[in-house]
Amino acid sequence: MRDLETSLLRAFVVTAECGSVSKAAHRLAKTQAAVSMQLRRLEGDVGVQLLKRGPRGMDLTEAGHILLPYAHKILGLGASARRALSGQTVEGRIRLGMIEDIAVGSLPKALQSFAVSYPGVALDLIVADSDVLSEKLSLGLLDIVVGDPARIRIQPILTWRLPLRWVVARGFVAPQHAPLPLITFDGTCSWNQKMTGALNSVAKSWRTALSSTNLSSIQSAIEAGLGVAVLLDVNIRPATMTVLGPADGMPPAPLVEFGLFIVEGKDLSSQPIGALWQYIANELQIFQDDLASG
């Protein structure tokens, strides 16, 4: 039985994380044709299909889901071995704070991969709103935060934008002669202002059907067909949700800004913080061209 080639496993892992061959090629600095060839070689080697084209890009097959955690471990252990042999073993503790919209979805996979690659680093994760994270960061209770720059009181190291999507349950039918029912985030969430501002800009009437501070409640309300919400791509459930666009009478969905904040006295050159950020950026598909320095 032949050993699995790590270069092929890397192409598979990155494609699975990015959801498309084109995005994987961008991250790997390869052509799409080269990445596609690596994926075909890996599938030929293991004798099963690992990826299939779905409604939102490349999806894992059942065999792909089986292989993925093994691939993460193989690549992570290889990186750990290189660091150990070069005397660059990284140890320490990181206290990471994130808003819920970023912390759920596919991000736990990135944190798991980081943990495998850096077994000497203890990672403590706190999920809270940006106001709470701002307070903890100012008190020195967190080392690194991903949150809303408008609500965190220190200067971000980096900022970037991600698109929101208009999302409804599959089969949802918008009312023809009544205001559009909205599912909104409760409290001071800036997304609500962006969402209603976009609707007001095209004179589309609306009403608040449900409001919640909890992302999972928002997702459940969407799936129940209670109305329209805005979500990040990572929080859309393709099996039960669909995205609305101009053809459905919706205006362009707004962009939202996020920031990376690091406790005073440290920066992205500080290990293991810099390494953790690379894993987060890769999982969220944040490329260098998307970033603005604070």
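Residues numbered from 1 in each chain as written. Predicted model: local features only at pLDDT ≥ 70, side-chain atom pairs only at ≥ 80, totals over all residues. Heavy atoms only, no water.

When you look at the packing of aromatic side chains in this model, what are you seeing that I'm missing?
The description of an aromatic ring pair rests on the distance of the ring centres and on the angle between the ring planes. Summed over all chains, the structure comprises 6 aromatic pairs. A centroid spacing of 5.5 Å and a plane angle of 75 degrees characterise the contact between F185 and W191, whose relative ring orientation is edge-to-face. Ring pairs connect the aromatic residues F114, Y118 and Y279, which therefore count as one cluster. (Phe/Tyr/Trp six-rings, centres within 6.5 Å; stacked < 30°, edge-to-face > 60°.)

Would you mind showing me how to read the pattern of salt bridges here?
Oppositely charged side chains are able to pair whenever their charged atoms sit close together. Taken as a whole and assessed by the stated rule, the structure comprises 8 salt bridges. Residue D124 is joined to R93 by a salt bridge in which the shortest nitrogen-to-oxygen separation is 2.6 Å. Remark: R93 occurs in strand β3 (residues 92-98) and D124 occurs in strand β4 (residues 121-127); sequence separation between them is 31 residues. Residue classification places D124 among the partly exposed residues on the basis of a relative accessible area of 28%. On the basis of relative accessible area, R93 is assigned to the exposed category, the value being 54%. With a closest N to O distance of 2.8 Å, D233 and R165 form a salt bridge. Of this pair, D233 sits in the loop between β9 (229-232) and β10 (241-244) while R165 sits in strand β6 (residues 158-169), and the two are 68 residues apart along the sequence. On the accessibility criterion, D233 (31% relative accessible area) is partly exposed. (Salt bridge = Lys/Arg side-chain N within 4 Å of Asp/Glu carboxyl O. Helix = DSSP H or I, 4+ residues; strand = E, 2+ residues; numbered from the N terminus. Buried < 20%, exposed > 50% of the residue type's maximum accessible area, 1.4 Å probe, protein only.)

Sorry if this is basic, but what is going on with the packing of helix α2 (residues 21-28) against helix α3 (residues 32-46) here?
When two helices pack together, their arrangement is given by the angle between the helix axes and the distance between those axes. Between α2 and α3, whose axes approach to 8 Å, the crossing angle comes to 105 degrees. Here α2 lies roughly perpendicular to α3, going by the angle between them. Each of V21, S22, A25 and L28 in α2 lies in contact with α3, whose residues at this interface are Q32, V35, S36 and L39. Split by residue class, the contact of α2 with α3 holds 5 nonpolar, 3 polar and no charged. (Axes fitted to C-alpha atoms, helices over the stretch in contact; angles between N-to-C directions. Parallel < 35°, antiparallel > 145°, perpendicular 65-115°, else oblique. Contact = heavy atoms within 4.5 Å. Nonpolar A, V, L, I, M, F, W, Y, C, P; charged D, E, K, R; others polar.)

Would you mind going over helix α8 (residues 190-201) with me for this structure?
Each turn of an α-helix holds 3.6 residues, which means side chains three or four residues apart point in the same direction. Here α8 contains 12 residues, and its C-alpha end-to-end distance of 17 Å stays within 8% of the 16 Å for a straight helix at 1.5 Å per residue. Looking at α8, one finds that the buried residues are W191, N192, M195, T196, A198 and L199. Buried residues of α8, viewed axially, fall in a sector of 155 degrees; they line one side. Summarising the geometry of α8, the exposed residues directed more than 90 degrees from the buried face are Q193 and S201. Positive backbone phi, approximately 55 degrees, marks A203, located one or two places after α8. (Expected span 1.5 Å × (residues − 1). Arc of directions from axis to C-beta.)

Got a minute to help me understand the nonpolar core in this structure?
Buried together is how nonpolar side chains tend to be arranged in soluble globular proteins. By size, the foremost hydrophobic cluster in this structure holds 63 residues, and its most contacted members are I102, W166, W191, V228, L231 and F258. In terms of residues, this core owes the most to one element, β6, which gives 7 residues. Residues contacting L231, with those up to four places away along its chain left out, are P163, L164, R165, V167, F185, L215, I218, Q219, I222, I236 and M241. (Core = buried A, V, L, I, M, F, W, Y, C linked by side-chain atoms within 4.5 Å.)

Which parts of the structure should I look at to understand the packing of helix α6 (residues 107-117) against helix α10 (residues 273-283)?
Where α6 contacts α10, the axes come no closer than 9 Å and their chain directions differ by 145 degrees. Two packed elements cross with a definite hand, and for α6 against α10 that hand is right-handed. In this structure, α6 uses L107, K109, A110, L111, S113, F114 and S117 to contact α10, whose residues at the interface are A275, L276, Y279, I280 and E283. Along the lines of polarity and charge, the residues of the contact of α6 with α10 split into 8 nonpolar, 2 polar and 2 charged. (Left-handed = near helix turned anticlockwise from the far one by under 90°.)

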